[in-house]
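# Working through the structure, step by step
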Amino acid sequence: MDGDGKPLESSVETSSGETHLGRSLQLRLLWIGSSLLLGLLLLGALADAFLRPLPVSTTDDEIRTPAFRQAFFQEWQAALARLQQGSLGFWAPPSSVQKFSWWDRIRQLPNESGIRLALRRHLASDVDLRDLRPIRREPLPDGVRISYLVTVEPRSSEFLVLIGPAGILAGTRKSEEGLMRHPLFAEGLSPGQVFTLGDKTLVARAGSSYCFQWTVRRATADGGLWHIREVDPTPFEASPDLERMAIATSRNTPVLLVCSQNRLK
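A brief report on the enclosed structure follows. (Residues numbered from 1 in each chain as written. Predicted model: local features only at pLDDT ≥ 70, side-chain atom pairs only at ≥ 80, totals over all residues. Heavy atoms only, no water.)

## Thoughts on the sheet that holds strand β2 (residues 143-154)
Note: strands within a sheet are paired through backbone hydrogen bonds, in either parallel or antiparallel orientation. The sheet built from four strands is open, its strands ordered β1-β2-β5-β6 with antiparallel pairing. A strand with exactly one partner marks an edge of an open sheet, and here the two such strands are β1 (127-140) and β6 (225-231). Strand-to-strand twist across the sheet, computed as the mean angle between neighbouring axes with direction ignored, equals 35 degrees. Taken together, the eight bridges between β2 and strand β5 (residues 210-222) define a ladder with antiparallel strand orientation. Of the residues in β5, the one forming a bridge with Ile-146 is Val-216. Together, β1, β2, β5 and β6 form the strand contacts of helix α4 (residues 112-120), whose direction differs from that of β1 by roughly 110 degrees. (Pairing = 2+ DSSP bridges. Helix = DSSP H or I, 4+ residues; strand = E, 2+ residues; numbered from the N terminus. Axes fitted to C-alpha atoms, helices over the stretch in contact; angles between N-to-C directions. Contact = heavy atoms within 4.5 Å.)

## Examining the nonpolar core
Ranked by size, the top nonpolar core spans 49 residues in total, and within it Val-150, Val-152, Phe-212, Trp-214 and Phe-236 carry the most contacts. Residue contributions to this core peak at seven residues, all from helix α2 (residues 66-84). (Core = buried A, V, L, I, M, F, W, Y, C linked by side-chain atoms within 4.5 Å. Buried < 20%, exposed > 50% of the residue type's maximum accessible area, 1.4 Å probe, protein only.)

## Side note on the pattern of salt bridges
Scanning the entire structure with this criterion turns up 14 salt bridges. Taking the shortest distance from any N to any O, the salt bridge between Glu-112 and Arg-116 comes out at 2.9 Å. Note that Glu-112 and Arg-116 are positioned in helix α4 at a spacing of four residues, about one turn of the helix. Taking the relative accessible area as the measure of exposure, Glu-112 reaches 37% and is therefore partly exposed. (Salt bridge = Lys/Arg side-chain N within 4 Å of Asp/Glu carboxyl O.)

## Description of the packing of aromatic side chains
Scanning the entire structure with this criterion turns up seven aromatic pairs. The interplanar angle of 80 degrees and the centroid separation of 5.4 Å between the aromatic rings of Phe-90 and Trp-91 together place this pair among those described as edge-to-face. The class for Phe-90 is partly exposed, based on a relative accessible area of 22%. Of the aromatic side chains, those joined through ring pairs into one cluster are Tyr-210, Phe-212 and Phe-236. A cation over an aromatic ring shows up here: Arg-69 above the ring of Phe-72, its NZ or CZ 5.2 Å from the ring centre. (Phe/Tyr/Trp six-rings, centres within 6.5 Å; stacked < 30°, edge-to-face > 60°. Lys NZ or Arg CZ within 6 Å of the ring centre and 35° of its normal.)

## Observations regarding α2
Taking 1.5 Å per residue as the helical rise, α2 with its 19 residues ought to reach 27 Å, and the 27 Å between its terminal C-alpha atoms agrees with that figure. Burial in α2 covers these residues: Phe-68, Arg-69, Phe-72, Phe-73, Trp-76, Gln-77, Ala-79, Leu-80 and Leu-83. The buried residues of α2 occupy an angular sector of 170 degrees when the element is viewed end-on, so they sit on one face. (Expected span 1.5 Å × (residues − 1). Arc of directions from axis to C-beta.)

Printed below as a string of structure tokens:
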């Protein structure tokens, strides 16, 4: 017995019971805390997967068949011809636009960074992309069509010019006419071709904002990615493939190009 007359065994049992109860409570609290943490992590992962926009493929997935490229080239030239007459055509910003909520942008549209990447492939390197805003969405049987309001800022003034065969000067002898097809008049053009600078048209001034409508004609969502399949040309198209087509065509007939002031110097 102890000094108070209580049995020592009873005191030891009480202390052991309290220790066991304390450990049990600690384990239960640890289990509850771990379960809550695991639940929060699982909930966060599900929310991230559900709320994160589907990414856009970073590769060039546009259709590049010869027939498609020829049709694209013809449409680009027709649009530039309208621009020469003072009409923006399908590049004109619409009078009304569709409103897109935060939820719409996540679930119905490709993420903006991927669209910017696709658009940059169709803009000259000296034209800076300032803003890109979706303004219309149309479901398609095999994808979606989305129009954007694009704001760019050229670092150099951009002009619409004709390129074509160099003219034969009055008084040129017949024996010399053939030689006019061989001199290189401008860098980037074929021999015998020139920029017709007397008829150039200002499209956008250096350092000034320029707005136009640009349409992704067809985007498809498959394999966990958005793929940009078809797009409209831009007013500042800078595709080497298209320019080669333009230069080849201009050997026989004048062709329109939008060129920077730096290139025309």
